[in-house]
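Descriptive structure summary
These are the residues of each chain, in order.
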Amino acid sequence: MMNVWHHDCQEPLALISDKVFKCEECGDVSNAFAYECCGCERKTCLRCVSALTPGARTCLKHEHPLFFYRGHEGKCNACGQPTCGVLRCKDCNFELHIDCFSLPITARHKCDEHLLSLTDHDDNSYSKSHHCDICEESRDPNSWFYHCATCDTSAHVDCVLGKYSFLKLGSIYEETDHPHPLTIVQIYCPLGLCSTQFSTDLVGMDHVAIQM
């Protein structure tokens, strides 16, 4: 059990596991460990509980502490997207989404035999090198990406991790408007689109579908 400052209900949170949930802070759907409110039963993933701890630091070790600002509007230094609610440095113009703050430092993907390292900038000025070796689309050299220095492999963060990297196949998801429990399954979609769409939060380009 624990109490956190950022939960509006002001009730203590209890640690839960092995239950598919949607995090109230980052919106990710997963079945990793989470904290569930004893009052409203809303759930927060461990990554967000850690990220929202005052004085948290980034995984790339930004030199100053970061603090959470719920209503701040700006631009994330990692992905370049607008923010509304952000981990921000008081001493310089540096801010991150909670998701970007929680990115793993290293990750493995079948595109490379080595571990890929999270990188915050691309020193290569040759524009044709700014592409993703997984999807083969262009990438922004100013956005964070995963890189193998040995093989010179570079890839988008989402291409390496996938949209639902914290979901286990076969898990049961009940917190939807659909009247029956849903099962997380892997399907093949030739056009990249899923035909079964009981929950739009869990269906999309990454070929994860929900099955009754």
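None of these values were measured; they are calculated from a predicted model.

Remarks on the overall build of the chain
Counting secondary structure elements, the chain contains 3 helices and 15 strands. Counting across all 212 residues of the chain, residues that qualify as buried make up 42%. Carbon and sulfur atoms provide 50% of the accessible area of the chain, an area that totals close to 12200 Å².

Focus on the sheet that holds strand E11 (residues 145-148)
The 4 strands lie next to each other as E9-E10-E11-E12, forming an open sheet whose pairing is antiparallel. Edge strands, defined here as strands with exactly one partner in the open sheet, are strand E9 (106-107) and strand E12 (153-155). The pairing of E9 with strand E10 (residues 116-119) spans 2 bridges and is classified as antiparallel. Among the inter-strand pairings, alanine 107 is bridged to a residue of E10, identified as leucine 116.

A closer look at unusual backbone geometry
Excluding glycine, most residues fall at negative phi; most peptide bonds, likewise, are trans. Look at glutamate 41: it is not a glycine, yet its phi comes out positive at around 65 degrees. In this fold, glutamate 41 is placed in the loop between strand E4 (34-37) and strand E5 (43-45). Look at aspartate 152: it is not a glycine, yet its phi comes out positive at around 60 degrees. Along the chain, the position of aspartate 152 falls in the loop between E11 and E12. A relative accessible area of 53% places aspartate 152 in the exposed class.

Here we look at the pattern of salt bridges
Scanning the model with the defined rule gives 4 salt bridges in all. Put simply, glutamate 24 and arginine 42 hold a salt bridge, and the shortest N to O gap is 3.5 Å. Separated by 18 residues along the polypeptide, glutamate 24 in the loop between strand E2 (21-22) and strand E3 (29-30) and arginine 42 in the loop between E4 and E5 bring together distant segments of the chain. By relative accessible area, which is 23% here, glutamate 24 ends up partly exposed. Residues arginine 88 and glutamate 95 are paired through a salt bridge, measuring 3.2 Å at the closest nitrogen-oxygen approach. Here arginine 88 falls in the partly exposed class, since its relative accessible area comes to 24%.

Let's talk about a negative patch on the surface
A cluster of acidic residues, Asp133, Glu136, Glu137 and Asp152, forms a negative patch on the protein surface. Turning to its location among the elements, glutamate 137 is positioned in the loop between E10 and E11.

Here's the deal with the pairing of strand E6 (residues 66-75)
Across 7 bridges, E6 lies against strand E7 (residues 82-89) in antiparallel orientation. In the strand pairing of E7, lysine 75 is matched with proline 82. Counting the residues between successive antiparallel strands, the hairpin from E6 to E7 contains 6 residues, one of them, glycine 80, with a positive phi of roughly 80 degrees.

The rules behind the values
- Residues numbered from 1 in each chain as written.
- Predicted model: local features only at pLDDT ≥ 70, side-chain atom pairs only at ≥ 80, totals over all residues.
- Heavy atoms only, no water.
- Helix = DSSP H or I, 4+ residues; strand = E, 2+ residues; numbered from the N terminus.
- Buried < 20%, exposed > 50% of the residue type's maximum accessible area, 1.4 Å probe, protein only.
- Areas by Shrake-Rupley, 256 points an atom, 1.4 Å probe, with all protein chains shown as cover.
- Pairing = 2+ DSSP bridges.
- Salt bridge = Lys/Arg side-chain N within 4 Å of Asp/Glu carboxyl O.
- Patch = residues over 30% accessible without salt bridge, like charges linked within 9 Å, V, L, I, M, F, W, Y side chains within 5 Å.
- Lys, Arg positive; Asp, Glu negative; His and termini not counted.
- Charge placed at Lys NZ, Arg CZ, Asp CG, Glu CD.

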